[in-house]
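Secondary and tertiary structure notes
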Amino acid sequence: YGNVTAQEIADMHTQEGGPSAEQSARVQSAYHEKVQKVDLAVGAFLEELIARGLLENTIVVITSGNGQRFDDRSELGLHAGSLSEESLRVPLVFAIPSQEATRIRSVVELRSVASTLLALVGIPYEETSLGESLLPVLTGSEAGNRIALAATAKNRSSVIEGLRVTDRVLAEIEEGREESIERLGPFQQPYTMTALSTDLKVVRGFSGETSVFAIEKDTTVEKEVTGSLLRTRQIDIAALTLRLLTH
């Protein structure tokens, strides 16, 4: 978050009353500043590819590990413990030479990026370890809506404790001590999982309880599904639930 450290965010959540409006505004400002820097860096990278005559022979992928929710201060900086639409729906752009731009509405998993790149350049791979290739989606040969899985890495208290060591671990990695990443292991146990499609999400808690949410088109607004809608969408809900149970 730019000039806001992970330790500071952890302290905000453990202080009385949680993060204040002023603290939230500061984190959001730092976040936007970081996004702007990344945007400028991507632009400079693409300009360099053009200058070297490489862009027409290069596949460019732009994505993000997670989104961030700012409308709820109780989740400020705690994306690792959140399955909100703001955290899950991230950009994924493939710029492929000689392929026209199009928008694909199907949800996909980021773990499929590596297998997709290998498929695009014709290198064999094991789909079980790298995820399902997105090539059929990108070429239009697959028209259906995929199901994606996501999970919170930790419960709320573990997320906060993980933030307290994140700054130190990142500093140690920059110094070449890559084994330090193992120190984050205790904070990465699965807590809650979700299976989601374009407009529906099934969330399964650690104790096994299940909730269903409908997602409004082209928004991050989600509402719990109850009553008659449960019955009308039972086939879709069953497919999502089965994916959760067989993961």
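Our structure is the block above this text.
The paragraphs below set out a description of the structure included in this document. Since the structure is predicted, the reported quantities are computational estimates derived from the model, not experimental observations.

What counts as what
- Residues numbered from 1 in each chain as written.
- Predicted model: local features only at pLDDT ≥ 70, side-chain atom pairs only at ≥ 80, totals over all residues.
- Heavy atoms only, no water.
- Pairing = 2+ DSSP bridges.
- Helix = DSSP H or I, 4+ residues; strand = E, 2+ residues; numbered from the N terminus.
- Axes fitted to C-alpha atoms, helices over the stretch in contact; angles between N-to-C directions.
- Contact = heavy atoms within 4.5 Å.
- Expected span 1.5 Å × (residues − 1).
- Buried < 20%, exposed > 50% of the residue type's maximum accessible area, 1.4 Å probe, protein only.
- Arc of directions from axis to C-beta.
- Salt bridge = Lys/Arg side-chain N within 4 Å of Asp/Glu carboxyl O.
- 1 Å grid on protein atoms, 1.4 Å probe; cavity = no way out; pocket = protein on both sides within 12 Å on 5 of 7 lines; lining within 4 Å.
- Points joined across faces, edges and corners; volume = space filled by probe spheres on them.
- Nonpolar A, V, L, I, M, F, W, Y, C, P; charged D, E, K, R; others polar.

Thoughts on the sheet that holds strand β5 (residues 200–204)
In sheet architecture, strand pairing relies on hydrogen bonds along the backbone and comes in two forms, parallel and antiparallel. Pairing is antiparallel in the open sheet, where 5 strands are placed in the order β3-β4-β5-β6-β7. If you trace the sheet from one side to the other, it starts and ends with β3 (148–151) and β7 (222–224), each paired once. Within this sheet the neighbouring strands show an average axis-to-axis angle of 25°, counted without direction. Taken together, the 4 bridges between strand β4 (residues 193–196) and β5 define a ladder with antiparallel strand orientation. Looking across to β5, one finds that Thr-194 is bridged to Val-203. In the packing of helix α9 (residues 234–245) onto the sheet, the strands contacted are β3, β4, β5 and β6 (210–215), and the crossing angle to β5 comes to about 40°.

Details of α9
Given 3.6 residues to a turn, an α-helix orients residues that are three or four positions apart in the same direction. Between its first and last C-alpha, α9 extends 16 Å over 12 residues, near the 16 Å set by a 1.5 Å rise per residue. Within α9, the full set of buried residues consists of Ile-237, Leu-240 and Leu-244. Taken around the axis of α9, the buried residues stretch over an arc of 65°, which confines them to a single face. Looking at α9, the residues exposed on the side facing more than 90 degrees away from the buried face are Ile-235, Leu-242 and Leu-245. The inward-facing, buried residues of α9 abut β3, β4, β5, β6 and α8 (228–232).

Remarks on the pattern of salt bridges
Enumeration according to the criterion identifies 14 salt bridges in this entry. The partner of Glu-33 in a salt bridge is Lys-37, with the nearest N and O atoms 3.7 Å apart. Linking Glu-33 with Lys-37, this pair stays in helix α2 (residues 21–51), spanning 4 residues, or about one helical turn. Assessed through its relative accessible area of 38%, Glu-33 is described here as partly exposed. In this structure, the salt-bridge partner of Glu-132 is Arg-146, at a minimum N-O distance of 3.7 Å. A residue pair is termed long-range when its members are at least 10 positions apart, and Glu-132 in the loop between α5 (127–130) and α6 (135–139) and Arg-146 in the loop between α6 and β3 qualify at 14 residues. The class of Glu-132 is partly exposed, set by a relative accessible area of 42%. Salt bridges linked by common partners bring Glu-85, Arg-89, Lys-201 and Glu-222 together as one network.

Regarding the layout of surface pockets
A volume near 1400 Å³ is recorded for the largest pocket. For the largest pocket, the lining is made up of 48 residues, of which Leu-88, Arg-89, Val-90, Leu-92 and Val-108 are closest to its centre. Mapped by element, the contributors of at least two residues to the lining of the largest pocket are α3 (85–88), β2 (92–95), α6 and β3. Here the residues of the lining of the largest pocket sort into 25 nonpolar, 12 polar and 11 charged.

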